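# Tertiary structure, described
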Amino acid sequence: MSNIASFFSTLYYPAIVFRTVKIYWCCTSLISRNEEHIVSSPTLTDKVSKMIRQDILTAQLLPGQKLVVAELKNKYEVGASPIREALVQLSWTKYVVLEPQKGCWVAPVCVLELTDLFDSLRLVAAGLLQKAITIGDEMWELNVLTSYHKLSRLKVINQEHDCDEWEERQLQFHVALLEGANSKNMFAFFSDLIQQIKRYRYFALTHGMDTSSEDAEEYEIIMKLVLSKNAEKAAEKYDQYLHRTMLRIQSVIEQQSHAA
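Residues numbered from 1 in each chain as written. Predicted model: local features only at pLDDT ≥ 70, side-chain atom pairs only at ≥ 80, totals over all residues. Heavy atoms only, no water.

## So, unusual backbone geometry
Definition in use: When a residue's accessible area, from a 1.4 Å probe over protein chains only, is under 20% of the maximum for its type it is buried; when over 50% it is exposed; and in between it is partly exposed. Elements are defined by DSSP. Helices are runs of H or I of four residues or more, strands are runs of E of two residues or more, and each kind is numbered from the N terminus.
Although it is not a glycine, Asn 182 sits at a positive phi angle of roughly 55 degrees. Among the residues examined, Asn 182 registers a relative accessible area of 67% and is labelled exposed. Of note, the phi angle at Lys 229 is positive, near 65 degrees, even though the residue is not glycine. Tracing the backbone shows Lys 229 in the loop between α8 (216-227) and α9 (231-259).

## Some thoughts on the packing of aromatic side chains
Rules: By convention, a stacked pair of Phe, Tyr or Trp rings (six-membered ring in the case of Trp) has centres within 6.5 Å and planes under 30 degrees apart, an edge-to-face pair has planes over 60 apart, and any other such pair is tilted.
On inspection of all chains with the given rule, the structure shows 6 aromatic pairs. On the numbers, 6.2 Å between centres and 65 degrees between planes, the contact of Trp 166 with Tyr 219 is edge-to-face. Of this pair, Trp 166 sits in helix α6 (residues 163-178) while Tyr 219 sits in helix α8, and the two are 53 residues apart along the sequence. Aromatic side chains Phe 173 and Tyr 219 sit 5.4 Å apart centroid to centroid with 80 degrees between the ring planes, which places their arrangement in the edge-to-face category. Taken together, the positions of Phe 173 in helix α6 and Tyr 219 in helix α8 put the pair 46 residues apart, joining distant regions of the chain. Both residues of the pair, Phe 173 and Tyr 219, belong to the buried class. Members of the aromatic cluster, joined through ring pairs, are Tyr 148, Trp 166, Phe 173, Tyr 219, Tyr 238 and Tyr 241.

## Here we look at the confidence of the model for the chain
Residues shown with low pLDDT carry predicted positions that ought not to be read at fine detail. Heads up, the rule is: What pLDDT expresses is the predictor's confidence in each residue, scored from 0 to 100. Here, two residues are considered to be in contact whenever any of their heavy atoms come within 4.5 Å of each other.
Counting all residues, the mean pLDDT for the chain is 83, and 78% of those residues have values of 70 or more. When mean pLDDT is compared element by element in the chain, helix α4 (residues 111-135) scores highest at 97, while helix α1 (residues 2-57) scores lowest at 55. Note that pLDDT drops below 50 for residues 1-40; the model gives that stretch 1 contact with residues more than four away or on any other chain.

## Focus: the pairing of strand β1 (residues 96-99)
Defined as follows: Note: two strands are recorded as paired if DSSP finds a minimum of 2 bridges between them.
Relative to strand β2 (residues 103-106), β1 runs antiparallel, the two being bridged by 4 bridges. Its bridge partner lying in β2, Glu 99 is registered against Gly 103. Hairpin connection of β1 to β2: 3 residues between the antiparallel strands, including Gln 101 at a positive phi of 70 degrees.

## Quick look at the pattern of salt bridges
What counts here: Any carboxyl oxygen of Asp or Glu that lies within 4 Å of a side-chain nitrogen of Lys or Arg is treated as forming a salt bridge with it.
Enumeration over the complete set of coordinates arrives at 9 salt bridges. A salt bridge links Lys 75 to Asp 55, with the nearest nitrogen and oxygen atoms 3.7 Å apart. Of this pair, Lys 75 sits in helix α2 (residues 69-76) while Asp 55 sits in helix α1, placing them 20 residues apart in sequence. Residues Asp 239 and Arg 122 are paired through a salt bridge, measuring 2.8 Å at the closest nitrogen-oxygen approach. Note that Asp 239 is positioned in helix α9 and Arg 122 in helix α4, a separation of 117 residues in sequence. The class for Arg 122 is partly exposed, based on a relative accessible area of 22%.

## A short note on the nonpolar core
Heads up, the condition is: Buried residues of nine kinds, namely Ala, Val, Leu, Ile, Met, Phe, Trp, Tyr and Cys, make up a nonpolar core once their side-chain atoms join them within 4.5 Å.
Counting 48 residues, the largest nonpolar core has Leu 121, Leu 177 and Tyr 238 as the members making the most contacts within it. Residue assignment for this core shows that the elements contributing at least two residues are α4, α5 (138-152), α6, α7 (184-206), α8 and α9. If near-sequence neighbours (up to four positions away) are discounted, Leu 177 is found in contact with Leu 129, Ala 132, Trp 140, Val 144, Ile 222, Val 226 and Tyr 238. Membership of the second largest hydrophobic core comes to 18 residues, among which are Ile 83, Ala 86, Leu 87 and Val 106.

## Some details on the environment of Val 252
Turning to its location among the elements, Val 252 is positioned in helix α9. When the C-alpha positions of Val 252 and Tyr 200 are compared, they lie 9.9 Å apart, and in sequence the two are 52 residues distant.

## Concerning α7
To be explicit about the condition: Multiply 1.5 Å by the residue count of a helix minus one, and that product is the helix's expected span.
Its 23 residues give α7 an end-to-end C-alpha distance of 33 Å, which sits within 8% of 33 Å, the value for a rise of 1.5 Å per residue. The first or second residue beyond α7 is Gly 208, which carries a positive phi of 85 degrees.

## Side note on the environment of Pro 63
Mapping Pro 63 onto the fold places it in the loop between α1 and α2. Pro 63 sits 46 residues away from Val 109 along the chain, and the two C-alpha atoms are 6.5 Å apart. Among residues more than four places away in sequence, those in contact with Pro 63 are Val 106, Ala 107, Pro 108, Val 109 and Phe 203.

## Comments concerning the side chain of Asp 55
Taking the relative accessible area as the measure of exposure, Asp 55 reaches 14% and is therefore buried. Those residues within four positions of Asp 55 in sequence are excluded, and the remaining contacts are Gln 60, Leu 61, Lys 75 and Tyr 76.

## Description of a nonpolar patch on the surface
What counts is decided by this rule: For patch detection, residues must exceed 30% relative accessible area and be free of salt bridges, and they are connected within 9 Å for like charges or within 5 Å for nonpolar side chains (Val, Leu, Ile, Met, Phe, Trp, Tyr). Residue exposure ignores everything except the shown protein chains as possible cover, and the areas themselves are Shrake-Rupley values with a 1.4 Å probe.
Taken together, the side chains of Val 88, Trp 92 and Leu 98 present a nonpolar region at the surface, about 310 Å² in accessible area. Looking at where Leu 98 falls in the secondary structure, it is placed in strand β1.

Rendered as structure tokens:
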């Protein structure tokens, strides 16, 4: 009996091994295909999110406008899933407002939120700037100088300059100033605030905000105070700049509100 059992074992166990390997290969193949799908989906979602965000910034999609998935599918030529996922992403950054069972809208603009955003920004920026001046090293100083130089090449905002390019270089100057504080949590809060304020800045720019006084000279003064380690005056000048920016944006919002 042992010989017969041994004989059948030589036939049975290789078959089990073969089936096990086959099942494993099929499962692995299926997982790989699913992983490819999972990897591609966020990439498409991010792309759609950036397109919607840009259209919000450039007033292609207006504050308070309802966002209908079917319409956005046709506009961006993608499926419903990446549209919905992109809208969820944009709700995290407060560019859109989601209401369960009701729908989705471009986030409105209002003076109350603008004031709150800038009050918060001024508080966190003051702390970051003074800390950066205190502990900033030579590499930080070089980054501040470099970012100012790139911004100064545009000299002043006018019709000859690319608004998007000015906004990007201006943002990089702010980032260079404050990231020297080496405070991860405070800087993350600053980054969140500045991205929300960006929507307000673009709204004001597309509705005629006066930018004649916003040129590189003010940034030069701030840069020189920072590099000379004059923390008190640098913080004061930077705070004044932020406050004036808020007032210019506020003026546009109020004008649009009265016009409506």
